Amino acid sequence: MKLVRKDLEKDNAGQVTLIPEEPEDMWHTYNLLQVGDSLRASTIRKVQTESSTGSVGSNRIRTTLTLCVETIDFDSQACQLRVKGTNIQENEYVKMGAYHTIELEPNRQFTLAKKQWDSVVLERIEQACDPAWSADVAAVVMQEGLAHICLVTPSMTLTRAKVEVNIPRKRKGNCSQHDRALERFYEQVVQAIQRHINFEVVKCVLVASPGFVREQFCDYMFQQAVKTDNKLLLENRSKFLQVHSSSGHKYALKEALCDPAVTSRLSDTKAAGEVKALDDFYKMLQHEPDRAFYGLKHVEKANEAMAIDTLLISDELFRHQDVATRARYVKLVDSVRENMGTVRIFSSLHVSGEQLGQLTGVAAILRFPVAELSDQEDESSSEED
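Residues numbered from 1 in each chain as written. Predicted model: local features only at pLDDT ≥ 70, side-chain atom pairs only at ≥ 80, totals over all residues. Heavy atoms only, no water.

S.K.: For the overall build of the protein chain, give the residues involved together with the corresponding values.
M.R.: Check the secondary structure of the protein chain and you find twelve helices and 16 strands. Buried residues in the protein chain amount to 48% of all 385 residues. Within the protein chain, residue pairs in contact and separated by at least 24 positions form 66% of the contacts whose partners lie at least 6 positions apart. Carbon together with sulfur atoms contributes 46% to the accessible area of the protein chain, which is approximately 20,000 Å² in total. Charged side chains of the protein chain number 47 positive and 56 negative; the gap between the two group centres comes to 7 Å. (Helix = DSSP H or I, 4+ residues; strand = E, 2+ residues; numbered from the N terminus. Buried < 20%, exposed > 50% of the residue type's maximum accessible area, 1.4 Å probe, protein only. Contact = heavy atoms within 4.5 Å. Areas by Shrake-Rupley, 256 points an atom, 1.4 Å probe, with all protein chains shown as cover. Lys, Arg positive; Asp, Glu negative; His and termini not counted. Charge placed at Lys NZ, Arg CZ, Asp CG, Glu CD.)

S.K.: Could you give me a rundown of the sheet that holds strand S4 (residues 56-75), with the residues and numbers involved?
M.R.: If you trace the seven strands from one edge of the open sheet to the other, you get S1-S2-S7-S3-S4-S5-S6, paired in antiparallel fashion. Looking at strand neighbours, the two that pair on one side only are strand S1 (2-8) and strand S6 (99-104), the edges of this open sheet. Pairs of neighbouring strands in the sheet enclose a mean axial angle of 35°, with direction left out of account. Where S1 meets strand S2 (residues 14-19), six bridges bridge the pair, whose relative direction is antiparallel. Bridging across to S2, arginine 5 finds its partner in threonine 17. On top of the sheet, helix H2 (residues 119-128) reaches S1, S2 and strand S7 (110-114); it is set at about 150° to S1, its chief contact. (Pairing = 2+ DSSP bridges. Axes fitted to C-alpha atoms, helices over the stretch in contact; angles between N-to-C directions.)

S.K.: I'd like a rundown of the pattern of salt bridges, residues and numbers included.
M.R.: According to the stated counting rule, one finds 15 salt bridges in the structure shown. Measuring nitrogen to oxygen at the nearest pair gives 3.0 Å for the salt bridge that ties lysine 276 to aspartate 280. On the criterion of helical spacing, the pair formed by lysine 276 and aspartate 280 is a turn pair, its members being four residues apart in helix H8 (residues 270-287). Of the charged contacts, one joins aspartate 315 and arginine 319 as a salt bridge, the two residues approaching to 3.6 Å between their closest N and O atoms. We note that aspartate 315, like arginine 319, is buried. Counted as one network, the salt bridges with shared partners bring together Asp73, Arg82 and Glu103. (Salt bridge = Lys/Arg side-chain N within 4 Å of Asp/Glu carboxyl O.)

S.K.: Explain the pairing of strand S15 (residues 342-346) residue by residue, including any values.
M.R.: Two elements, strand S14 (residues 308-314) and S15, share five bridges in a ladder whose sense is parallel. By the bridge assignment for S15, leucine 311 is matched with valine 343.

S.K.: Hey, could you go over unusual backbone geometry for me, with residue numbers and the actual values?
M.R.: A positive phi angle is found at methionine 306, which is not glycine, with a value near 55°. Relative to the helices and strands, methionine 306 resides in the loop between helix H9 (296-304) and S14.

S.K.: Tell me about H9, residues and numbers included.
M.R.: When we look at burial in H9, the residues that qualify are Leu296, Val299, Glu300, Ala302 and Asn303. Angularly, the buried residues of H9 cover 160° about the axis, an arc narrow enough to put them on a single face. In H9, the exposed residues that point more than 90 degrees away from the buried face are Lys297 and Glu304. A positive phi of about 55° marks methionine 306, the residue just after H9. (Arc of directions from axis to C-beta.)

S.K.: Describe in detail the side chain of threonine 310, supporting the description with residues and values.
M.R.: Turning to its location among the elements, threonine 310 is positioned in strand S14. Given the relative accessible area of 13%, threonine 310 is considered buried. When near neighbours in sequence (up to four residues on either side) are disregarded, threonine 310 contacts Thr342, Ala363, Ala364 and Ile365.

S.K.: Now, about the sheet that holds strand S12 (residues 240-244): what can you tell me, with residues and values included?
M.R.: The strand order across the open sheet built from five strands is S10-S9-S8-S11-S12, with neighbouring strands paired in mixed fashion. Strands with a single pairing partner mark the edges of an open sheet, and in this sheet they are strand S10 (157-164) and S12. Within this sheet the neighbouring strands show an average axis-to-axis angle of 20°, counted without direction. Alignment of strand S8 (residues 137-143) against strand S11 (residues 204-209), held across five bridges, turns out to be parallel. In the strand pairing of S11, alanine 138 is matched with valine 205. The sheet strands contacting helix H4 (residues 213-228) are S8, S11 and S12, and the helix crosses S12 at an angle near 160°.

Note that every value here comes from positions in space, so none of it alone points to a role or purpose.
Put into C-alpha coordinates, the structure is as follows:
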(Lines give C-alpha, C1' and ligand atoms only; values in the text may rest on other atoms or scores of the structure.)
Protein backbone atom coordinates (compact mmCIF):
# COMPACT_ATOMS: atom_id res chain seq x y z
CA MET A 1 0.00 0.00 0.00
CA LYS A 2 1.28 3.46 -0.86
CA LEU A 3 0.46 6.42 1.39
CA VAL A 4 0.05 9.49 -0.83
CA ARG A 5 -1.16 11.99 1.75
CA LYS A 6 -2.22 12.12 5.39
CA ASP A 7 -4.11 15.14 6.80
CA LEU A 8 -5.17 14.62 10.42
CA GLU A 9 -6.37 17.31 12.84
CA LYS A 10 -5.52 17.46 16.56
CA ASP A 11 -8.82 15.72 17.42
CA ASN A 12 -7.87 12.89 15.00
CA ALA A 13 -10.46 13.87 12.40
CA GLY A 14 -9.20 14.13 8.81
CA GLN A 15 -8.41 12.16 5.70
CA VAL A 16 -5.79 9.92 4.12
CA THR A 17 -5.11 9.21 0.46
CA LEU A 18 -3.90 5.71 -0.36
CA ILE A 19 -3.11 3.55 -3.39
CA PRO A 20 -3.60 -0.22 -2.89
CA GLU A 21 -0.83 -1.97 -4.84
CA GLU A 22 -1.63 -5.68 -4.40
CA PRO A 23 -4.60 -7.94 -3.49
CA GLU A 24 -3.53 -8.04 0.19
CA ASP A 25 -4.06 -4.26 0.35
CA MET A 26 -7.76 -4.72 -0.46
CA TRP A 27 -8.11 -6.64 2.82
CA HIS A 28 -6.43 -3.78 4.70
CA THR A 29 -8.76 -1.29 2.96
CA TYR A 30 -11.80 -3.36 3.98
CA ASN A 31 -10.66 -3.10 7.60
CA LEU A 32 -10.11 0.67 7.33
CA LEU A 33 -13.62 1.38 6.01
CA GLN A 34 -16.58 1.94 8.32
CA VAL A 35 -20.20 2.88 7.77
CA GLY A 36 -20.48 6.69 7.95
CA ASP A 37 -17.00 7.34 6.53
CA SER A 38 -16.60 9.47 3.43
CA LEU A 39 -14.89 7.80 0.45
CA ARG A 40 -13.68 9.67 -2.64
CA ALA A 41 -12.56 7.68 -5.67
CA SER A 42 -12.71 7.47 -9.44
CA THR A 43 -15.62 5.36 -10.73
CA ILE A 44 -17.73 4.66 -13.81
CA ARG A 45 -21.34 5.87 -13.94
CA LYS A 46 -23.94 5.10 -16.58
CA VAL A 47 -25.36 8.47 -17.68
CA GLN A 48 -28.42 9.01 -19.89
CA THR A 49 -27.99 11.65 -22.59
CA GLU A 50 -30.61 13.29 -24.80
CA SER A 51 -29.62 14.44 -28.28
CA SER A 52 -30.97 17.54 -30.07
CA THR A 53 -33.41 15.30 -31.96
CA GLY A 54 -34.87 14.01 -28.68
CA SER A 55 -33.43 10.47 -28.85
CA VAL A 56 -32.18 9.12 -25.53
CA GLY A 57 -28.92 7.18 -25.24
CA SER A 58 -26.69 6.12 -22.40
CA ASN A 59 -22.94 6.45 -21.97
CA ARG A 60 -20.53 5.06 -19.40
CA ILE A 61 -18.57 8.01 -18.02
CA ARG A 62 -15.60 8.00 -15.67
CA THR A 63 -16.04 10.51 -12.87
CA THR A 64 -14.82 11.10 -9.31
CA LEU A 65 -17.45 10.73 -6.59
CA THR A 66 -17.49 11.26 -2.82
CA LEU A 67 -19.81 8.83 -1.05
CA CYS A 68 -21.06 8.54 2.50
CA VAL A 69 -20.40 4.82 3.08
CA GLU A 70 -23.47 2.67 3.81
CA THR A 71 -22.52 -0.93 2.91
CA ILE A 72 -19.14 -2.61 2.39
CA ASP A 73 -18.82 -5.93 0.57
CA PHE A 74 -15.49 -7.79 0.40
CA ASP A 75 -14.84 -10.91 -1.70
CA SER A 76 -11.79 -12.54 -0.05
CA GLN A 77 -11.07 -14.98 -2.91
CA ALA A 78 -11.17 -12.40 -5.72
CA CYS A 79 -9.90 -9.63 -3.36
CA GLN A 80 -12.56 -7.25 -4.66
CA LEU A 81 -14.13 -4.49 -2.58
CA ARG A 82 -17.49 -2.85 -3.35
CA VAL A 83 -18.61 0.19 -1.39
CA LYS A 84 -22.17 1.48 -1.68
CA GLY A 85 -23.32 4.86 -0.44
CA THR A 86 -24.94 8.19 -1.27
CA ASN A 87 -23.26 11.02 -3.16
CA ILE A 88 -22.38 13.91 -0.80
CA GLN A 89 -20.53 16.23 -3.18
CA GLU A 90 -21.70 18.20 -6.22
CA ASN A 91 -21.15 16.29 -9.47
CA GLU A 92 -22.31 17.08 -13.02
CA TYR A 93 -23.42 13.47 -13.65
CA VAL A 94 -24.74 12.33 -10.26
CA LYS A 95 -27.32 14.13 -8.12
CA MET A 96 -26.69 14.80 -4.42
CA GLY A 97 -28.07 11.95 -2.33
CA ALA A 98 -28.13 9.50 -5.28
CA TYR A 99 -26.89 5.97 -4.60
CA HIS A 100 -23.77 4.63 -6.27
CA THR A 101 -21.41 1.67 -5.81
CA ILE A 102 -17.67 2.24 -6.11
CA GLU A 103 -15.49 -0.77 -6.88
CA LEU A 104 -12.09 -0.25 -5.30
CA GLU A 105 -9.26 -2.03 -7.06
CA PRO A 106 -5.45 -2.26 -6.92
CA ASN A 107 -3.45 0.68 -8.35
CA ARG A 108 -6.39 3.09 -8.15
CA GLN A 109 -6.13 5.95 -5.68
CA PHE A 110 -8.84 6.69 -3.10
CA THR A 111 -9.27 9.20 -0.27
CA LEU A 112 -10.89 8.14 3.00
CA ALA A 113 -12.16 10.71 5.52
CA LYS A 114 -13.21 9.89 9.09
CA LYS A 115 -14.55 11.95 11.99
CA GLN A 116 -12.24 9.94 14.28
CA TRP A 117 -9.10 8.00 13.31
CA ASP A 118 -8.41 5.66 16.24
CA SER A 119 -5.10 3.95 17.11
CA VAL A 120 -6.08 0.56 15.62
CA VAL A 121 -6.90 2.06 12.20
CA LEU A 122 -3.74 4.18 12.14
CA GLU A 123 -1.65 1.13 13.05
CA ARG A 124 -3.21 -0.83 10.17
CA ILE A 125 -2.22 1.93 7.71
CA GLU A 126 1.33 1.77 9.07
CA GLN A 127 1.44 -2.01 8.59
CA ALA A 128 -0.14 -1.89 5.12
CA CYS A 129 2.45 0.65 3.95
CA ASP A 130 5.38 -1.35 5.35
CA PRO A 131 6.81 -3.62 2.58
CA ALA A 132 8.17 -6.08 5.17
CA TRP A 133 4.61 -7.24 5.87
CA SER A 134 4.02 -8.93 2.49
CA ALA A 135 3.24 -12.64 1.89
CA ASP A 136 6.28 -14.82 2.35
CA VAL A 137 5.01 -18.30 3.29
CA ALA A 138 3.34 -20.91 1.09
CA ALA A 139 1.99 -24.27 2.20
CA VAL A 140 1.00 -27.55 0.57
CA VAL A 141 -1.23 -29.47 2.98
CA MET A 142 -1.79 -32.98 1.62
CA GLN A 143 -2.88 -36.57 2.11
CA GLU A 144 -3.22 -39.33 -0.51
CA GLY A 145 -5.61 -37.99 -3.17
CA LEU A 146 -6.18 -34.52 -1.62
CA ALA A 147 -3.98 -31.41 -1.50
CA HIS A 148 -4.51 -27.72 -0.70
CA ILE A 149 -2.01 -25.16 -1.99
CA CYS A 150 -2.21 -22.07 0.27
CA LEU A 151 -0.50 -18.71 0.61
CA VAL A 152 -0.06 -17.57 4.21
CA THR A 153 0.07 -13.76 4.12
CA PRO A 154 0.31 -11.58 7.24
CA SER A 155 -3.45 -11.06 7.16
CA MET A 156 -5.02 -14.17 5.68
CA THR A 157 -4.67 -17.76 4.56
CA LEU A 158 -5.60 -17.91 0.88
CA THR A 159 -6.39 -21.25 -0.73
CA ARG A 160 -4.95 -20.93 -4.22
CA ALA A 161 -5.70 -24.46 -5.47
CA LYS A 162 -7.30 -27.72 -4.40
CA VAL A 163 -6.20 -30.98 -6.05
CA GLU A 164 -8.41 -34.06 -5.70
CA VAL A 165 -7.66 -37.41 -7.39
CA ASN A 166 -9.41 -40.70 -6.67
CA ILE A 167 -6.71 -43.23 -5.71
CA PRO A 168 -7.67 -46.94 -5.78
CA ARG A 169 -6.52 -49.16 -2.91
CA LYS A 170 -3.49 -51.39 -3.27
CA ARG A 171 -4.44 -54.93 -4.26
CA LYS A 172 -2.44 -58.06 -3.48
CA GLY A 173 0.02 -58.71 -6.27
CA ASN A 174 -1.18 -55.68 -8.29
CA CYS A 175 -0.33 -52.14 -7.21
CA SER A 176 -0.07 -50.65 -10.71
CA GLN A 177 -3.46 -48.83 -10.64
CA HIS A 178 -2.72 -47.34 -7.19
CA ASP A 179 0.80 -46.24 -8.25
CA ARG A 180 -0.39 -44.71 -11.54
CA ALA A 181 -3.15 -42.72 -9.79
CA LEU A 182 -0.68 -41.57 -7.11
CA GLU A 183 1.78 -40.40 -9.77
CA ARG A 184 -1.00 -38.50 -11.57
CA PHE A 185 -1.96 -36.87 -8.25
CA TYR A 186 1.65 -35.85 -7.49
CA GLU A 187 2.05 -34.43 -11.00
CA GLN A 188 -1.06 -32.23 -10.59
CA VAL A 189 0.21 -30.94 -7.23
CA VAL A 190 3.60 -30.06 -8.78
CA GLN A 191 1.83 -28.13 -11.57
CA ALA A 192 -0.32 -26.27 -9.00
CA ILE A 193 2.81 -25.32 -7.00
CA GLN A 194 4.49 -23.89 -10.12
CA ARG A 195 1.34 -22.04 -11.14
CA HIS A 196 0.41 -20.49 -7.78
CA ILE A 197 3.63 -19.97 -5.80
CA ASN A 198 5.82 -16.98 -6.58
CA PHE A 199 9.30 -18.10 -5.49
CA GLU A 200 10.66 -14.54 -5.75
CA VAL A 201 8.48 -13.53 -2.78
CA VAL A 202 8.02 -16.77 -0.84
CA LYS A 203 10.75 -17.54 1.74
CA CYS A 204 9.49 -20.97 2.68
CA VAL A 205 7.13 -23.66 1.31
CA LEU A 206 5.72 -25.97 3.97
CA VAL A 207 4.84 -29.47 2.76
CA ALA A 208 2.59 -30.95 5.44
CA SER A 209 0.94 -34.38 5.55
CA PRO A 210 0.24 -37.40 7.72
CA GLY A 211 2.52 -40.45 7.35
CA PHE A 212 5.11 -40.59 4.58
CA VAL A 213 3.07 -38.77 1.91
CA ARG A 214 5.19 -35.57 2.10
CA GLU A 215 8.51 -37.49 1.76
CA GLN A 216 7.22 -39.53 -1.19
CA PHE A 217 5.83 -36.40 -2.86
CA CYS A 218 9.05 -34.37 -2.41
CA ASP A 219 11.15 -37.32 -3.74
CA TYR A 220 8.87 -37.53 -6.78
CA MET A 221 8.88 -33.74 -7.38
CA PHE A 222 12.68 -33.35 -7.30
CA GLN A 223 13.32 -36.53 -9.33
CA GLN A 224 11.02 -35.14 -12.03
CA ALA A 225 12.68 -31.71 -11.74
CA VAL A 226 16.10 -33.32 -12.40
CA LYS A 227 14.72 -35.35 -15.35
CA THR A 228 13.04 -32.33 -16.96
CA ASP A 229 15.78 -29.86 -15.88
CA ASN A 230 13.17 -27.73 -14.06
CA LYS A 231 15.37 -24.85 -12.87
CA LEU A 232 12.55 -23.14 -10.93
CA LEU A 233 12.11 -26.10 -8.55
CA LEU A 234 15.80 -27.07 -8.38
CA GLU A 235 16.96 -23.54 -7.52
CA ASN A 236 14.33 -23.24 -4.77
CA ARG A 237 14.79 -26.72 -3.30
CA SER A 238 16.12 -25.31 0.00
CA LYS A 239 12.85 -23.42 0.55
CA PHE A 240 10.81 -26.63 0.93
CA LEU A 241 10.29 -27.72 4.53
CA GLN A 242 8.55 -31.00 5.42
CA VAL A 243 6.32 -31.05 8.51
CA HIS A 244 3.66 -33.29 10.00
CA SER A 245 -0.08 -32.55 9.80
CA SER A 246 -3.05 -34.74 10.72
CA SER A 247 -4.72 -34.47 7.28
CA GLY A 248 -4.70 -32.72 3.90
CA HIS A 249 -7.47 -30.28 4.86
CA LYS A 250 -6.87 -26.53 5.24
CA TYR A 251 -7.52 -26.54 9.01
CA ALA A 252 -4.51 -28.87 9.51
CA LEU A 253 -2.27 -25.96 8.47
CA LYS A 254 -2.43 -24.59 12.04
CA GLU A 255 -0.59 -27.67 13.38
CA ALA A 256 2.06 -27.32 10.69
CA LEU A 257 2.63 -23.67 11.65
CA CYS A 258 2.98 -24.73 15.33
CA ASP A 259 5.87 -27.12 14.56
CA PRO A 260 9.06 -25.85 16.35
CA ALA A 261 11.11 -26.32 13.14
CA VAL A 262 8.64 -24.10 11.30
CA THR A 263 8.42 -21.42 14.00
CA SER A 264 12.20 -21.00 14.07
CA ARG A 265 12.25 -20.72 10.26
CA LEU A 266 9.34 -18.28 10.17
CA SER A 267 10.18 -16.38 13.33
CA ASP A 268 9.96 -13.08 11.47
CA THR A 269 6.49 -13.62 10.04
CA LYS A 270 3.31 -12.37 11.69
CA ALA A 271 1.40 -15.60 10.93
CA ALA A 272 3.77 -17.71 13.05
CA GLY A 273 3.59 -15.15 15.87
CA GLU A 274 -0.21 -15.33 15.94
CA VAL A 275 -0.21 -19.12 15.97
CA LYS A 276 2.36 -19.21 18.79
CA ALA A 277 0.37 -16.71 20.88
CA LEU A 278 -2.80 -18.78 20.49
CA ASP A 279 -0.88 -21.95 21.31
CA ASP A 280 0.54 -20.29 24.47
CA PHE A 281 -2.98 -19.24 25.46
CA TYR A 282 -4.33 -22.81 25.15
CA LYS A 283 -1.40 -24.19 27.17
CA MET A 284 -2.03 -21.59 29.89
CA LEU A 285 -5.76 -22.39 29.88
CA GLN A 286 -4.89 -26.05 30.45
CA HIS A 287 -2.20 -25.68 33.13
CA GLU A 288 -2.96 -22.33 34.84
CA PRO A 289 -6.60 -21.40 34.05
CA ASP A 290 -6.39 -18.38 36.42
CA ARG A 291 -3.89 -16.81 33.99
CA ALA A 292 -5.92 -17.34 30.77
CA PHE A 293 -9.09 -15.31 30.29
CA TYR A 294 -11.44 -14.93 27.32
CA GLY A 295 -14.65 -12.97 26.75
CA LEU A 296 -14.77 -9.16 26.82
CA LYS A 297 -16.02 -8.71 30.42
CA HIS A 298 -13.41 -11.04 31.94
CA VAL A 299 -10.58 -9.56 29.87
CA GLU A 300 -11.63 -5.98 30.77
CA LYS A 301 -11.60 -6.87 34.49
CA ALA A 302 -8.16 -8.44 34.15
CA ASN A 303 -7.02 -5.25 32.43
CA GLU A 304 -8.34 -3.14 35.33
CA ALA A 305 -6.02 -5.18 37.56
CA MET A 306 -3.16 -4.40 35.08
CA ALA A 307 -2.69 -8.16 34.76
CA ILE A 308 -2.62 -8.56 30.95
CA ASP A 309 0.68 -9.66 29.49
CA THR A 310 -0.58 -10.55 25.98
CA LEU A 311 -3.94 -9.52 24.50
CA LEU A 312 -5.27 -11.62 21.60
CA ILE A 313 -8.02 -9.85 19.67
CA SER A 314 -9.70 -10.46 16.30
CA ASP A 315 -9.78 -7.67 13.69
CA GLU A 316 -13.45 -8.64 13.11
CA LEU A 317 -14.35 -6.83 16.36
CA PHE A 318 -13.08 -3.52 14.98
CA ARG A 319 -15.55 -3.78 12.09
CA HIS A 320 -18.48 -3.53 14.53
CA GLN A 321 -21.24 -1.21 13.24
CA ASP A 322 -21.89 0.26 16.69
CA VAL A 323 -19.42 3.11 17.31
CA ALA A 324 -19.54 2.72 21.12
CA THR A 325 -18.78 -1.03 20.95
CA ARG A 326 -15.88 -0.46 18.56
CA ALA A 327 -14.55 2.32 20.81
CA ARG A 328 -14.66 -0.14 23.76
CA TYR A 329 -12.35 -2.56 21.92
CA VAL A 330 -10.00 0.26 20.86
CA LYS A 331 -9.88 1.52 24.48
CA LEU A 332 -8.96 -2.00 25.66
CA VAL A 333 -6.10 -2.23 23.11
CA ASP A 334 -4.75 1.23 24.04
CA SER A 335 -4.98 0.49 27.77
CA VAL A 336 -3.09 -2.84 27.48
CA ARG A 337 -0.31 -1.10 25.54
CA GLU A 338 -0.12 1.70 28.14
CA ASN A 339 0.35 -1.00 30.81
CA MET A 340 3.30 -2.41 28.80
CA GLY A 341 1.32 -5.43 27.55
CA THR A 342 1.67 -6.97 24.07
CA VAL A 343 -1.30 -6.73 21.68
CA ARG A 344 -1.74 -9.22 18.85
CA ILE A 345 -4.49 -8.35 16.39
CA PHE A 346 -5.52 -11.57 14.62
CA SER A 347 -6.91 -11.64 11.10
CA SER A 348 -10.33 -13.32 10.88
CA LEU A 349 -9.22 -14.77 7.52
CA HIS A 350 -6.37 -16.72 9.15
CA VAL A 351 -6.90 -20.22 10.53
CA SER A 352 -5.67 -18.90 13.93
CA GLY A 353 -8.09 -15.95 13.68
CA GLU A 354 -10.99 -18.30 12.98
CA GLN A 355 -10.11 -20.24 16.15
CA LEU A 356 -9.90 -17.08 18.23
CA GLY A 357 -13.32 -16.12 16.83
CA GLN A 358 -14.73 -19.29 18.44
CA LEU A 359 -13.42 -17.96 21.80
CA THR A 360 -15.49 -14.71 21.47
CA GLY A 361 -12.66 -13.03 19.50
CA VAL A 362 -10.89 -11.65 22.58
CA ALA A 363 -8.57 -13.50 24.99
CA ALA A 364 -5.66 -12.68 27.28
CA ILE A 365 -2.62 -14.32 28.84
CA LEU A 366 -2.09 -12.77 32.30
CA ARG A 367 1.13 -11.83 34.12
CA PHE A 368 -0.22 -13.22 37.39
CA PRO A 369 -3.29 -15.24 38.42
CA VAL A 370 -6.53 -13.31 38.96
CA ALA A 371 -8.60 -15.94 40.73
CA GLU A 372 -11.21 -13.79 42.47
CA LEU A 373 -12.92 -12.84 39.18
CA SER A 374 -14.95 -16.03 38.88
CA ASP A 375 -15.71 -15.86 42.62
CA GLN A 376 -17.02 -12.29 42.26
CA GLU A 377 -19.22 -13.39 39.35
CA ASP A 378 -20.62 -16.26 41.44
CA GLU A 379 -21.33 -13.94 44.41
CA SER A 380 -23.07 -11.32 42.27
CA SER A 381 -25.21 -13.95 40.52
CA SER A 382 -26.22 -15.51 43.89
CA GLU A 383 -27.13 -12.03 45.20
CA GLU A 384 -29.30 -11.46 42.13
CA ASP A 385 -31.09 -14.77 42.81
